[in-house]
Amino acid sequence: MIPLVDGPGMNRPGGRLRRLSARALVGLALVASAVFCAVAAEWVAPANPNAQQLRFARQPPSWMPKGGSFYVLGTDHLGRDVFSRLLYGARVSLAVAFGSVAIGVLFGGGLGLVAGSARSKAGDLLMRLIDIQMAIPTIVMAIVLVGILGPSVRNVMIVFGLAGYPTFARLVRGEMLQLRERDFTTAAHAVGASAQRVILRHLLPNLLGPVLALAVLEMAAVILYESGLGFLGLSVPPRIPSWGGMLADGRQYLTSAWWMALFPGLAIMTTVLGLNLAGEWIHAKLAPEIRG
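All chains use their own residue numbering, which begins from 1 and follows the written sequence. Reporting in this predicted model follows two pLDDT cut-offs: at least 70 for local features of residues, and 80 or more for side-chain atom pairs to be given and counted; totals over whole chains, interfaces and linings ignore these cut-offs and use all residues. As a rule here, side-chain values cover all heavy atoms of the structure and leave hydrogens and water aside.

Student: Explain helix 5 (residues 138–149) to me, and be specific about the residues and the numbers.
Tutor: The terminal C-alpha atoms of helix 5, which comprises 12 residues, lie 16 Å apart, in line with the 16 Å expected from a rise of 1.5 Å per residue. Those residues of helix 5 lying buried are Met 141, Ala 142 and Val 146. Axial view of helix 5: buried residues confined to an arc of 120°, hence all on one face. Among the exposed residues of helix 5, those pointing more than 90 degrees away from its buried face are Gly 147 and Ile 148. Where helix 5 terminates, the next one or two residues include Gly 150, which has phi positive at roughly 100°. Counting from the N terminus, the helices are DSSP H or I runs at least four residues long and the strands are E runs at least two residues long. Helices are assigned an expected span. That span is 1.5 Å times one less than the residue count. The rule is simple: take the accessible area with a 1.4 Å probe, protein chains only, and divide by the maximum for that residue type; under 20% is buried, over 50% is exposed, in between is partly exposed. This arc corresponds to the set of directions leading from the helix axis out to the C-beta atoms.

Below you can see the structure in the form of structure tokens.
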């Protein structure tokens, strides 16, 4: 479960929501900004993200003394506009985050439902196999699989989806094991409700909060993983702007053109922070207690 801050008033109804409201607004604003940048990149970006102008290479941002008026965040070592590349890079990070988490929720959640509903050793065996996969570090698995499949947005999305589904499977199974022993589940079975109705009417609504909160937090983790792969050159082809690739390009110019690495780093940091704050708020709002 996601830890919540203790303090006066936290036990009163709505106390947690009041404490998290300001942080939630900040988180949602950061996430909304990243989504807007990704969706509106074609209209907001002032230049082609791949257009090279070597005569303007490593030009400082426009608000610096030697900066040009056109390049708001400066240019990289090939004269490409950093601001435009940031906007288009948001598409890669968010697409991989949303896509891989969707795969993890559908696949892992389905396995968790099966394992949690089955009152036999089959469910335990399934979870032991999942535990074996969880013993493999995510980034190591991603590097191996992407190295085999090749760098592309689709392949990275699939790889992180397959690497992340065990987390959702374990969460759903654990919640199912608790929920099926609750009084409202027992009462539903006692009045003759079918297993399908119990799952749809009583169990799935109570799984929504924990799964949604975990999904948002997993998106933040995937953005970090994808940026790490991009830094190694394994995420997407070089022609596609990505935040990790921009960090890799800027590491050689930290002293002479620091803006090349600073701004993609800030983009990663703020987006991940926003998702974490939003995930904490979602957990407090949708999963404070089990509802019968």
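So, next bit.
Student: Outline the pattern of salt bridges, listing residues and values.
Tutor: Within this document, salt bridges are pairs made up of a side-chain nitrogen of Lys or Arg and a carboxyl oxygen of Asp or Glu, the two lying within 4 Å of each other. Considering all chains together, one arrives at seven salt bridges under this definition. Its salt-bridge partner being Asp 76, residue Arg 85 comes within 4.0 Å of it at the nearest N-O pair. Given the relative accessible area of 4%, Arg 85 is considered buried. The shortest N-O distance in the salt bridge between Asp 249 and Arg 80 comes to 3.6 Å. Placement of Asp 249 in helix 9 (residues 243–250) and of Arg 80 in the loop between helix 2 (41–44) and helix 3 (82–117) is noted, with a sequence separation of 169 residues between them. For Asp 249, a relative accessible area of 26% translates into the label partly exposed. For Arg 80, a relative accessible area of 7% translates into the label buried. The network of salt bridges with common partners includes Asp 76, Arg 80, Arg 85 and Asp 249.

Student: Residue-level account of the nonpolar core, with values.
Tutor: Membership of the largest hydrophobic core comes to 47 residues, with the highest contact counts inside it found for Val 82, Leu 86, Phe 160, Ile 223, Trp 243 and Leu 275. Among the elements of the structure, helix 1 (15–39), helix 3, helix 5, helix 6 (153–179), helix 8 (195–231), helix 9 and helix 10 (259–286) are those that each provide at least two residues to this core. Looking at this core element by element, the count peaks at 12 residues for helix 8. The nonpolar core is taken to be a set of buried Ala, Val, Leu, Ile, Met, Phe, Trp, Tyr and Cys residues, with the residues joined through side-chain atoms within 4.5 Å. If you look at the next biggest cluster of nonpolar residues, it comprises six residues, including Ala 115, Met 127, Ile 130 and Ala 169.

Don't take any of this as a statement about function, it's just geometry.
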